[in-house]
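# Residue-level structure breakdown
Now for the letters of each chain:
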Amino acid sequence: MSERLRLSISVVFAGGIVAVAMAGLGVHWIVTLVALMTIAALAFLQPASIACLVILSIPVQSEVMLPFVRGEITVTQLLLFGLVPGWAIVFWKRRIWLDSIVIGFLLVLAALVVSFVAVETLSLWFQETYRWAIAGLFYLICRSVMTDWRDVRLAIWASALGIVGVSSYSLLQYLDVGVSVRADFVVGGAVRVYGSFGTPNTLAAYLEFTVPLLLAAVAAARFGESRFPLGRVEQLALLATAVFGLGIIGLTQSRGGWFGIAAALLVLWLSVQGRAKYVSLAVGVVILMGLLMTTAGQSQLERFNETIGDTTVVSSTSGVTSSYDIGTGRGALWAAARAMIADRPLTGIGAGEFDEHYREYVPSWIDRFPRGQAHNVWLQMGAQAGIAGIAGYAVWYAASVWSSITARRRTLSSAHRWIITGVLAILTAYTIHSLVDYLNVLSLGLQISAVTAIALNLAPEPLTRHVPEPSRRPLIPYPEHRECQNSQANPSNGWT
């Protein structure tokens, strides 16, 4: 293990320990401010390590809050507020990618800014706009600093540690050991685990955005170049973590999560060659059948049977059956969102204000209780920012998917191709699950930004056009491109 990687790992673990200690001791906000300045200094020296620490902190959410001036901030916010100035001090020395994904972020932000004219609650508008703005900025940072395989490797391990932490907490919820469980998330006699994310659907989304990357890393070591720097112990650890995360997705009983991860696994499975393809399929079937035999699995089967119902019905003829209990339970939410778009097609009802206006547009009084969002990303963007919101989101989404596909096609390394395939699997899961949930919430957008940046950095300048093939050089060195001063005296190719 190289000295730089040891330093990066030390920074990540030290930062996590300090943050937990600060929360446990109930520190004064001045200590938080000192920690913020320390993180900024570390970000100046090791910005990629702090970015990985941000990835690690995503599952913490509001479980750990730190005092700051007159309010509180999360650990993720502390790290971001330190990373941004530390990176910005010398950002002009880095290669900044103003690509189509950045343009997509800017268009979304422009639509949200325009929606301000319809806003009634400023704090809600600010929260929604901040989530998209910080996700865009984090993408830009990751794109410019994660230019070495060691940074990507650390990001994968940060995701793995996040999965272990939130999955362990979720398992305690399922077993009802030492943690309180919300009664409304007990379905069919089994707890729908939600970890630290507040709802089962958002927990499932986080695992969908991380587990495929771990499986892709294992596949890269197994099927990629023989010199791929991932030892057997690391492979087993990542594989065990991925299986643990898959099991927790099952325990969330999130139908969107199940469909999303199934689509992601299909993308990965289609890339497997030879006997391993059928072995992996058999193992997957066995795990699925075992899960379905549990209480949570039986409850999930009943929920899938309910999905077959007519989701377009808003209420029954008797007027006493809520559309929340019919099919996917989204009928009233989708109908209200469509009414918002039709009523205010130019500005929407204001960023973040779906719940605030829900009762004005819901078709039936029995469904008058809002559920946080429209439960469909396209309807949510249209409801809160009008046609411009849908258009801006479409540009960002299309740019993210197409850029990743382009990166996979252009990469020269089969191992890196596997990693990018894992990112494409994540985007596939996001695409499917976003049809029934709005997933650009909490800190999930940061995870999407990070993995997308990783995919593009693993390709030899994937967005550069009209450049002769021999002159293209990769941002991250491949074994095929690593120059060696003395191949006989030093057979190593630098992948340590």
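Before going into details, it helps to say that this report is about the structure given with it. Just so we're clear, the structure is a prediction, and the values are computed from it rather than from any experiment. (Residues numbered from 1 in each chain as written. Predicted model: local features only at pLDDT ≥ 70, side-chain atom pairs only at ≥ 80, totals over all residues. Heavy atoms only, no water.)

Looking only at helices and strands, one finds 18 helices and four strands in the protein chain. Burial analysis of the protein chain (496 residues in total) assigns 54% to the buried set. Only carbon and sulfur atoms are counted for the fraction: they give 65% of the accessible area of the protein chain, which is about 21,500 Å². (Helix = DSSP H or I, 4+ residues; strand = E, 2+ residues; numbered from the N terminus. Buried < 20%, exposed > 50% of the residue type's maximum accessible area, 1.4 Å probe, protein only. Areas by Shrake-Rupley, 256 points an atom, 1.4 Å probe, with all protein chains shown as cover.)

The next subject is the packing of helix α14 (residues 331-343) against helix α16 (residues 377-410). The contact between α14 and α16 brings their axes to 8 Å, and the two run at 25°. On the basis of their axis angle, the class for α14 and α16 is roughly parallel. The crossing of α14 and α16 is right-handed. Residue-level contacts link W334, A337, R338, M340 and I341 of α14 to L379, G382, A383, I387 and I390 of α16. Per-class residue counts for the contact of α14 with α16 are eight nonpolar, one polar and one charged. (Axes fitted to C-alpha atoms, helices over the stretch in contact; angles between N-to-C directions. Parallel < 35°, antiparallel > 145°, perpendicular 65-115°, else oblique. Left-handed = near helix turned anticlockwise from the far one by under 90°. Contact = heavy atoms within 4.5 Å. Nonpolar A, V, L, I, M, F, W, Y, C, P; charged D, E, K, R; others polar.)

To continue, consider the side chain of H375. Summarising the element assignment, H375 is placed in the loop between α15 (354-361) and α16. Within the structure, the side chain of H375 is placed 2.7 Å from the side chain of D437, a separation counted as a polar contact. Residue contacts for H375: discarding those within four places in its chain leaves R330, L333, W334, L435, V436, D437 and Y438. (Polar contact = N/O pair within 3.5 Å; in protein donor to acceptor, adjacent residues only side chain to side chain.)

Let us look at helix α5 (residues 100-114). Under the 1.5 Å per step criterion, the end-to-end length of α5 is 21 Å for 15 residues, consistent within 8% with the ideal 21 Å. For α5, the complete set of buried residues consists of I101, V102, G104, F105, V108, L109, A111 and L112. In this structure D99 caps α5, since a side-chain oxygen of it lies 3.1 Å from the backbone nitrogen of I101. (Expected span 1.5 Å × (residues − 1).)

Moving on, we get to a nonpolar patch on the surface. Where nonpolar side chains cluster on the molecular surface, the patch consists of L239, V243, V279, V283 and I287 and spans about 390 Å² of accessible area. Only α10 (232-252) and α12 (275-292) provide two or more residues apiece to the nonpolar patch. Per element, the largest residue contribution to the nonpolar patch is three residues, and it comes from α12. Tracing the chain through its elements places V283 in helix α12. (Patch = residues over 30% accessible without salt bridge, like charges linked within 9 Å, V, L, I, M, F, W, Y side chains within 5 Å. Salt bridge = Lys/Arg side-chain N within 4 Å of Asp/Glu carboxyl O.)

Now for the packing of α16 against helix α18 (residues 444-457). α18 packs onto α16 with a crossing angle of 35° between their chain directions and a minimal axis gap of 8 Å. Every pair of crossing elements has a handedness; the one defined by α16 and α18 is left-handed. Where α16 abuts α18, its residues W396, S403, S404 and A407 lie against I448, T452, A455 and L456. Residues belonging to the contact of α16 with α18 are distributed by class as follows: five nonpolar, three polar and no charged.

What follows deals with the packing of aromatic side chains. For the coordinates displayed, the defined rule picks out 17 aromatic pairs. Here the aromatic rings of F105 and Y139 are separated by 6.3 Å at their centres, their planes lie at 35°, and the arrangement is tilted. Here Y139 lies in helix α6 (residues 122-145) and F105 lies in helix α5, a separation of 34 residues in the sequence. Residues F105 and Y139 agree in their burial class; the two are buried. (Phe/Tyr/Trp six-rings, centres within 6.5 Å; stacked < 30°, edge-to-face > 60°.)

With that settled, consider unusual backbone geometry. For Q61, which is not glycine, the phi torsion reads 55° and is therefore positive. Among the structural elements, Q61 can be located in the loop between α3 (47-57) and β1 (65-68).

Enumeration according to the criterion identifies six salt bridges in this entry. Ionic pairing is found between R131 and E128, a salt bridge with its closest N-O pair at 2.7 Å. Taken as a pair, R131 and E128 lie in helix α6 at a separation of three residues, close to a single helical turn. The residue R150 makes a salt bridge to D148 at a minimum N-O spacing of 2.9 Å.

In the case of a regular strand, side chains alternate between the two sheet surfaces. Pairing between β1 and strand β2 (residues 71-74): four bridges, direction antiparallel. Each bridged residue has a counterpart across the sheet, and for F68 the counterpart in β2 is G71. Taking the residues between adjacent antiparallel strands as the criterion, β1 and β2 are bridged by two residues, where V69 takes a positive phi near 50°. (Pairing = 2+ DSSP bridges.)

Two residues of an α-helix separated by three or four positions point the same way, owing to the 3.6 residues in each turn. With 14 residues, α18 extends 20 Å from end C-alpha to end C-alpha; this agrees with the ideal 20 Å at 1.5 Å per step. α18 sits mainly inside the fold: 14 of its 14 residues count as buried.

Relative to the elements of secondary structure, A263 occurs in helix α11 (residues 255-270). As a C-alpha pair, A263 and I432 span 169 residues in sequence and 7.6 Å in three-dimensional space. Apart from residues lying up to four places away in sequence, A263 is in contact with T428 and I432.

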